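# Close look at the chain arrangement
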Amino acid sequence: MGVGGQNGVAVAGAGSVAYSEITSTVTAGVATSTVTTTGAGADLTVSAFDDSTIVTSAGAGAISIGGGAGGSGVAVAAGAAIAHDKIIQVVTATVADSSLSAGRDLLVSATAKGSIDVQAVAGAGSVGAASATAVGVALGGAFAVNTLARTVSATVTESATTPTRSLSAGRTLSVIAGATARIETEAVGASLAIAVGGTNGVTVAIGVAYAENIISGSVTAAATGAKLTATGAMALDASAGG
């Protein structure tokens, strides 16, 4: 707040920055091995799973009041809120140069779940009052940038030219890779400027809100050079969704 007998000037500013990052690598694998399960409940599972979540809020507010009893009154207020969030996931399930035999179900699975919730709010208010000239300027800006990147793979490989190893199941055999992503963003920028002058009154009020959400990556389910057998159903599936 600025108050003067002749002129009054007031400047106020406020800012908030929030940065969050999660980087995860999850791996489950069987290599150059022989694994066998037998019996009524003899399932065999090679599974990698990651569930990462970020919840962020950034807020800022500024108020200025400038008054001049005999001349001019100037008030300037600026508020900014910035939120930047990032999730990077690498999830891998592998069976390499190995023999796996399940009495019932055999599953090779890689799954990634990612979630980002962001709220960025900024506001500014200014009041300029004078008997002659009054100026009020208010700037409010909120900015949110979110990135969710994932690499998910479930693979069965045999490096030998003539496969000598196999995967077999007494019931179902599945190689599955899946990824889901969710980003929710609320960005609000608000401003209010008031100028009361006996001769001149000038107000400038600007509010800006910007949000950018990026989801990228790859999801792969593959069987290469491997012998797969199942008494029941067999599935090779890769999927990505929100």
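Given the structure is predicted, the values throughout are model-derived calculations rather than measurements. (Residues numbered from 1 in each chain as written. Predicted model: local features only at pLDDT ≥ 70, side-chain atom pairs only at ≥ 80, totals over all residues. Heavy atoms only, no water.)

## Regarding the side chain of S109
- Its location among the elements puts S109 in strand β7 (residues 106-130).
- By relative accessible area, which is 10% here, S109 ends up buried. (Helix = DSSP H or I, 4+ residues; strand = E, 2+ residues; numbered from the N terminus. Buried < 20%, exposed > 50% of the residue type's maximum accessible area, 1.4 Å probe, protein only.)

## Observations concerning the nonpolar core
- One finds L100, L106 and V108 to be the most contacted residues of the largest nonpolar core, which totals 24 residues.
- Of all the secondary-structure elements, those providing two or more residues to this core are β2 (8-31), β4 (44-68), β5 (72-96), β6 (99-102), β7, β8 (133-157), β9 (166-169) and β10 (173-197).
- Residues A18, A58, A83 and A181 belong to the second largest nonpolar core, which totals 15 residues. (Core = buried A, V, L, I, M, F, W, Y, C linked by side-chain atoms within 4.5 Å.)

## Notes on the pairing of β9
- Residue alternation in β9 divides its side chains into a buried set, L167 and A169, and an unburied set, S166 and S168.
- Here four bridges tie β9 to strand β12 (residues 227-230), and the two strands are oriented parallel to one another. By the bridge assignment, L167 is partnered in β12 with L228. (Pairing = 2+ DSSP bridges.)

## Regarding the pattern of salt bridges
- Using the criterion set out here, one finds four salt bridges in the structure.
- Where D43 meets R104, a salt bridge forms, and the shortest distance between an N and an O atom there is 2.9 Å. Here D43 is found in the loop between β3 (34-36) and β4, whereas its partner R104 is found in the loop between β6 and β7, with 61 residues between them in sequence.
- Assessed through its relative accessible area of 33%, D43 is described here as partly exposed.
- We classify R104 as partly exposed; its relative accessible area is 27%.
- Between D105 and R171 there is a salt bridge; the shortest N-O distance is 2.7 Å. Of this pair, D105 sits in the loop between β6 and β7 while R171 is found in the loop between β9 and β10, placing the two residues 66 residues apart along the sequence.
- Taking the relative accessible area as the measure of exposure, D105 reaches 18% and is therefore buried.
- Judged by its relative accessible area of 40%, R171 falls in the partly exposed class.
- Members of the salt-bridge network, linked through shared partners, are D117, R182 and E184. (Salt bridge = Lys/Arg side-chain N within 4 Å of Asp/Glu carboxyl O.)

## A few points about unusual backbone geometry
- In this structure, T32 is a non-glycine residue whose phi angle is positive, near 45°.
- At D97, a residue that is not glycine, the phi angle is positive and equals roughly 50°.
- With respect to the element layout, D97 can be found in the loop between β5 and β6.

## What about the environment of T229?
- Mapped onto the fold, T229 is located in strand β12.
- Residues in contact with T229, not counting those within four places in the same chain, are L167, S168, A169, L173 and M234. (Contact = heavy atoms within 4.5 Å.)

## Things to note about the confidence of the model for the chain
- In the predicted model, the chain carries a mean pLDDT of 88, and the fraction of residues at 70 or more is 92%.
- Per-residue pLDDT, averaged within each element of the chain, yields its smallest value for strand β1 (residues 2-4) (42) and its largest for strand β13 (residues 234-241) (93).
- Low confidence marks residues 1-5, where pLDDT is under 50. Its contacts with residues over four positions away, or in another chain, come to 15 contacts. (pLDDT = per-residue confidence, 0-100.)

## Re the environment of V135
- Structurally, V135 can be placed in strand β8.
- Judged by its relative accessible area of 22%, V135 falls in the partly exposed class.
- V135 has contacts with G73, V74, A75, G128, A195 and V202, leaving out every residue within four places of it along the chain.

## Here we look at the side chain of S115
- Within the secondary structure, S115 sits in strand β7.
- Judged by relative accessible area, which is 10%, S115 ranks as buried.
- Of note is the side chain of S115, whose polar atom sits 2.6 Å from the side chain of R182.
- Excluding residues that lie within four positions of it along the chain, S115 makes contacts with S52, T53, I54, I87, L148 and R182. (Polar contact = N/O pair within 3.5 Å; in protein donor to acceptor, adjacent residues only side chain to side chain.)

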